[in-house]
Amino acid sequence: MTRSAQREHLFQLLFGIEFNEINDMEEQADLFLSLAEPSVSSKDTKVIKEKAMNIIDKLSSIDDELKEKVTGWDIDRIGKVELAILRLGVYEIKYDDNIPESVAINEAVELAKKYGPDSSSAFINGVLAKFATK
């Protein structure tokens, strides 16, 4: 499975944070990934779940960083799709050294084009660009 495909599954899993208790997310991840099989290998399942749990562990820090960068917006007003994509993008930019910033931003924009309304890709790009250091 490609990293883009892993990222898409991860986004879908993170989207569920808005509808579940944080403490239930490990169980939700197991359920989600078991339903994704057999198209998702056990190796991919492990990678997706590990990243999801890492993001969830850093969720309050990620949200605090988003609140600082998203001027003129209350984080509660951001659409659930966009918020899940932003959380994933911020994690990849700030905490995942294996993913170049430009790739993280580009992949987030592609997810926004696929899952969000027309204007969300520009919004995602603008917000994540504020996190880029290069």
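Just so you know, these numbers come straight off a predicted model, no measurement behind them. Per chain, residues are indexed from 1 in the order of the written sequence. Local features in this predicted model are restricted to residues whose pLDDT is 70 or higher, and side-chain atom pairs enter the listing and the counts only when it is 80 or higher, whereas totals over whole chains, interfaces and linings include all residues. Processing note: side-chain calculations cover all non-hydrogen atoms of the structure and skip hydrogens and water entirely.

We now examine the pattern of salt bridges. Should a side-chain nitrogen of Lys or Arg be within 4 Å of a carboxyl oxygen of Asp or Glu, the pair is scored as a salt bridge. Under the counting rule described, the total for this entry stands at 10 salt bridges. Of the charged contacts in the structure, one is a salt bridge between Glu-18 and Arg-87, with a shortest N-O distance of 2.8 Å. Of this pair, Glu-18 sits in the loop between α1 (3-15) and α2 (25-36) while Arg-87 is found in helix α5 (residues 80-95), placing the two residues 69 residues apart along the sequence. Between Asp-63 and Arg-87 there is a salt bridge, and its shortest N-O distance comes to 2.8 Å. Of this pair, Asp-63 sits in helix α4 (residues 59-69) while Arg-87 sits in helix α5, and the two are 24 residues apart along the sequence. On the basis of relative accessibility, which here comes to 7%, the residue Arg-87 falls in the buried class. Put simply, Arg-7, Glu-92 and Glu-107 are held in one network by salt bridges that share partners. By definition, any uninterrupted DSSP run of H or I lasting at least four residues is a helix, any uninterrupted run of E lasting at least two residues is a strand, and each is numbered from the N terminus. Each residue gets one of three labels from its accessible area relative to the maximum for its type: buried under 20%, exposed over 50%, partly exposed in between, using a 1.4 Å probe on protein chains only.

Right, let's get into the nonpolar core. Grouping buried Ala, Val, Leu, Ile, Met, Phe, Trp, Tyr and Cys residues that are joined through side-chain atoms within 4.5 Å yields what is termed a nonpolar core. If you look at the biggest cluster of nonpolar residues, it comprises 41 residues, and the most contacted ones within it are Leu-66, Ile-85, Ile-124 and Leu-128. Elements supplying a minimum of two residues to this core: α1, α2, α3 (42-57), α4, α5, α6 (101-115) and α7 (120-129). Contacts: residue pairs with any heavy atoms within 4.5 Å of one another. When neighbours within four sequence positions are excluded, Leu-128 is seen to be in contact with Leu-86, Gly-89, Val-90, Ile-93, Ile-105 and Ala-108.

Definitions used throughout: a 1 Å grid over protein atoms alone; a cavity as a set of points that fits a 1.4 Å probe which cannot get out; a pocket as an open set with protein on both sides within 12 Å along at least five of seven lines; a lining residue as one with an atom within 4 Å of a point. Grid points are joined across faces, edges and corners, and a volume is the space filled by probe spheres set on the points. Applying the stated criterion to the full structure yields one cavity of 30 Å³ or more. Roughly 70 Å³ of volume is contained in the largest cavity. As for the largest cavity, its lining consists of Arg-3, Gln-6, Arg-7, Leu-10, Val-47, Ile-48, Lys-51 and Glu-92. Residue assignment for the lining of the largest cavity shows that the elements contributing at least two residues are α1 and α3. With four residues, α1 is the largest single contributor of residues to the lining of the largest cavity.

Here the focus is the side chain of Ser-121. The topology assignment puts Ser-121 in helix α7. With relative accessibility at 13%, the residue Ser-121 sits in the buried group.

Next up on the list: the environment of Ser-41. The residue Ser-41 is located in the loop between α2 and α3 in this model. We classify Ser-41 as partly exposed; its relative accessible area is 32%. In terms of polar contacts, Ser-41 uses its side chain to reach the side chain of Asp-44, at 3.1 Å. Polar contact is the term for a pair of N or O atoms within 3.5 Å; when the atoms are in protein, one must be able to donate a hydrogen and the other to accept it, and sequence-neighboring residues count only if both atoms are side-chain atoms.

For the rest of this paragraph, the subject is α1. By this rule, a helix spans an expected 1.5 Å times one less than how many residues it contains. An ideal rise of 1.5 Å per residue puts 18 Å on 13 residues; α1 measures up with 18 Å between its terminal C-alpha atoms. Among all positions in α1, only Gln-6, Arg-7, Glu-8, His-9, Leu-10, Phe-11, Leu-13 and Leu-14 are buried. Where α1 is buried, its residues contact α2, α3, α5 and α6.

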